[in-house]
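# Summary of structural features
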Amino acid sequence: MPHFENNFAQRGAPILSPSVTRGFTGRAHLNWEHVRLIRAQWPGVLIIKGILHQDDARTACALGADGIIVSNHGGRQLDGAIAPLRAMPGIVAACPDIPVMLDSGIRRGADVLKALALGARFVFVGRPFAYAAAVGGQAGAEHAAGLLQQEISRNMAMLGVTRIAALDARAHLVAQR
Ligand SMILES: Cc1cc2nc3c(=O)[nH]c(=O)nc-3n(C[C@H](O)[C@H](O)[C@H](O)COP(=O)(O)O)c2cc1C
């Protein structure tokens, strides 16, 4: 089983153990210097997840991130954190040269289309697939993926869009003030 390796990595009980205790002993030591060190030591693709502010996005780009996932971790961490969809435009503008991706709260095909229209190159889905797998195993997850696919296709038809690349915020979204 994979182990959570957040902060101070310690091998221990697997994530599914009922007796697992996760070590979040102090986070004050974490800063962008760690990203710089990781970038220097890791020659592979480096994606930074959890960015919600364009200044952080700019820093991540400057430090050599290959991609960003705009995410509030499914709204499970900082209560009141903004929705990734709201942060997207500023972050896409701040990082024009790397893929900007998004997760958190994607539940329907229309949510996927909104994220793509705002400039997301990929959209990820967490709990819906976890729930589907819990209920129906692989068939459940495939069913959930199929539902999303159908909704995306149907909504694109209703928008009059035939290609994902044709999605555009100005044409297909209305800004709320
Ligand atoms: C049970 C659970 C554990 C998670 N643990 C982590 C984690 O350790 N690190 C992290 O970056 N995100 C974590 N996430 C957040 C997911 O990676 C993802 O951002 C989120 O589920 C996406 O939102 P959604 O579930 O609304 O689709 C976790 C999510 C769930 C449901």
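Report follows, based on the coordinates. Just so it is clear, the structure is predicted and the values come from calculations on it, not from any experiment. (Residues numbered from 1 in each chain as written. Predicted model: local features only at pLDDT ≥ 70, side-chain atom pairs only at ≥ 80, totals over all residues.)

### Section: helix α3 (residues 84-94)
- Those residues of α3 that sit buried are Pro84, Ala87, Met88, Ile91 and Val92. Looking straight down α3, one finds its buried side chains confined to an arc of 135°; they lie on one side. (Buried ≥ 20, exposed ≤ 12 C-beta atoms within 10 Å, placed from the backbone. Helix = DSSP H or I, 4+ residues; strand = E, 2+ residues; numbered from the N terminus. Arc of directions from axis to C-beta.)

### Examining helix α4 (residues 109-117)
- Counting buried positions over the nine residues of α4 gives seven, a clear majority of the element.
- Taken together, the buried positions of α4 are occupied by Asp111, Val112, Leu113, Lys114, Ala115, Leu116 and Ala117.
- The elements touched by buried residues of α4 are α3, β3 (100-102), α5 (127-159) and α6 (169-172).
- Immediately beyond the C-terminal end of α4, within one or two residues, lies Gly119, with a positive phi of roughly 110°. (Contact = placed C-beta atoms within 7 Å.)

### Some remarks on the site of the ligand
- His73, Gly74, Asp103, Gly126 and Arg127 are the nearest of the 15 residues found near the ligand.
- Grouping the amino acids of the shell around the ligand by side-chain chemistry returns three nonpolar, eight polar and four charged. (Near = placed C-beta within 6 Å. Nonpolar A, V, L, I, M, F, W, Y, C, P; charged D, E, K, R; others polar.)

### Quick look at the nonpolar core
- By size, the foremost hydrophobic cluster in this structure holds 30 residues, and its most contacted members are Ile68, Val70, Met88, Ile91, Ala115 and Ala120.
- Listed by contribution, the elements that provide at least two residues to this core are β1 (47-51), α2 (54-62), β2 (67-70), α3, β3, α4 and α5.
- Residue contributions to this core peak at five residues, all from α4.
- Not counting residues up to four positions away in its chain, the partners in contact with Met88 are Val70, Leu102, Ala115, Leu118, Gly119 and Ala120. (Core = buried A, V, L, I, M, F, W, Y, C linked by C-beta atoms within 7 Å.)

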